[in-house]
Amino acid sequence: VVFGEEVFQGFSNGDLVALSASQGKVLWVKKLKSKDRFYDVDMSPYVDQKSVIVGTFDGKIYSLERTTGVVNWVFPVGSYGGFFVENDRVYFSGLDNHFYCLGLSQGNLIWKTPFETGVGLTPSKVGEYLVFTTSNDPFYLIRPSDGKVVWTGSLGAGTLSSALSTSEGWFYILSNYGNLFSYQLSKIEQLLPGPQTVVT
């Protein structure tokens, strides 16, 4: 992730590194490796003016000070997908088969919602909801205020891609079978006609 004049990169050895964007100079290195087996950083970090949030595969979620790498808080659940941050809340899929909502500043648990099997991907905002995809079916439409699942959908084989959404209430998911699905979020029963699948 590029943020201003800095680049933040996670590595398979569990390190998160902050670099100067112009010179490549190492600004700081934080070792996130734990005693767990898979400690690689697979997702893109979330970065803002104050903090960097990142997770290891089967370890933990960390919030670090952006300029120093000092740990602000730690949450004891690993993640493969990235984060969606809005209104001082952090949303992500944990590797313990739960979707999580944490407070941005302190890492406190606001809610968690179980999902079935598979690995969760980065959530996307569509309308007033969040879409969470998983490596297995189903995928989930969740209300961000309390984590309630309001709808589930099936791709036939799950996905390793996050949903891509638009401001008009559409979202798109590429399945593990190579089919591109489009969905329209609507409160009316009569939806726009469209193809069932598009083979890519």
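Quick note: structure is the one above.
What comes next is a walk through the structure. (Residues numbered from 1 in each chain as written. Predicted model: local features only at pLDDT ≥ 70, side-chain atom pairs only at ≥ 80, totals over all residues. Heavy atoms only, no water.)

**Re the overall build of the protein**
Looking only at helices and strands, the protein features 0 helices and 20 strands. For 200 residues, the compact-globule formula gives about 16 Å, and the C-alpha radius of gyration of the protein, at 18 Å, lands near that figure. Once the C-alpha set of the protein is aligned to its principal axes, its extents read approximately 55 × 35 × 30 Å. Counting across all 200 residues of the protein, residues that qualify as buried make up 44%. (Helix = DSSP H or I, 4+ residues; strand = E, 2+ residues; numbered from the N terminus. Rg over C-alpha atoms; globule rule 2.2 N^0.38 Å. Buried < 20%, exposed > 50% of the residue type's maximum accessible area, 1.4 Å probe, protein only.)

**Quick word on the pairing of strand β2 (residues 6-10)**
Walk down a regular strand and you will see the side chains alternate between the two sheet faces. Only one face of β2 is buried: it carries E6, F8 and G10, and the other face, with V7 and Q9, is open. Bridge count between strand β1 (residues 2-3) and β2: 2 bridges; the pairing is antiparallel. By the bridge assignment for β2, V2 is matched with V7. What sits between β1 and β2 in their antiparallel hairpin is a turn of 2 residues, with G4 showing a positive phi close to 60°. (Pairing = 2+ DSSP bridges.)

**Thoughts on a nonpolar patch on the surface**
On the surface, L164, Y172, L174 and L180 cluster together to form a nonpolar patch covering roughly 330 Å² of accessible area. Mapping Y172 onto the fold places it in strand β18 (residues 170-174). When its relative accessible area of 30% is taken as the criterion, Y172 is described as partly exposed. (Patch = residues over 30% accessible without salt bridge, like charges linked within 9 Å, V, L, I, M, F, W, Y side chains within 5 Å. Areas by Shrake-Rupley, 256 points an atom, 1.4 Å probe, with all protein chains shown as cover. Salt bridge = Lys/Arg side-chain N within 4 Å of Asp/Glu carboxyl O.)

**Quick look at the sheet that holds strand β3 (residues 15-20)**
Reading across from one edge, β1-β2-β3-β4 is the order of the 4 strands in this open sheet, with antiparallel pairing throughout. Two strands close off the open sheet at either side, each with one partner strand: β1 and β4 (26-31). Sheet topology note: the β2/β3 ladder contains 5 bridges and is antiparallel. If you follow V7 over to β3, its bridge partner there is L19.

**Description of the pattern of salt bridges**
In the structure shown here, the tally under the stated rule is 4 salt bridges. Ionic pairing is found between R66 and E6, a salt bridge with its closest N-O pair at 2.4 Å. Taken together, the residues R66 in the loop between β7 (61-65) and β8 (71-75) and E6 in strand β2 connect sequence positions 60 residues apart. In terms of burial, R66 and E6 fall into one category: buried.

**Description of the packing of aromatic side chains**
How two aromatic rings sit relative to each other is given by the distance of their centres and the angle of their planes. With the rule as written, the count across this model stands at 18 aromatic pairs. Between F92 and Y100, the ring centres sit 5.3 Å apart and the planes meet at 15°, which makes this aromatic pair stacked. Arranged with centres 6.1 Å apart and planes meeting at 80°, the rings of F139 and F171 form a pair that is edge-to-face. Separated by 32 residues along the polypeptide, F139 in strand β15 (residues 139-142) and F171 in strand β18 bring together distant segments of the chain. This pair shows no difference in class: F139 is buried, exactly as F171 is. (Phe/Tyr/Trp six-rings, centres within 6.5 Å; stacked < 30°, edge-to-face > 60°.)

**Some thoughts on unusual backbone geometry**
Both trends apply: most residues other than glycine have a negative phi, and most peptide bonds are in trans. Cis geometry is adopted by the peptide bond preceding P138, which originates at D137 and carries an omega value of -5°. With respect to the helices and strands, P138 occurs in the loop between β14 (129-132) and β15. Unlike most non-glycine residues, D88 shows phi in positive territory, near 60°. Topologically, D88 is positioned in the loop between β9 (84-86) and β10 (89-93). The phi torsion at N97 lies on the positive side, around 65°, for a residue other than glycine. Here N97 shows up in the loop between β10 and β11 (98-103).

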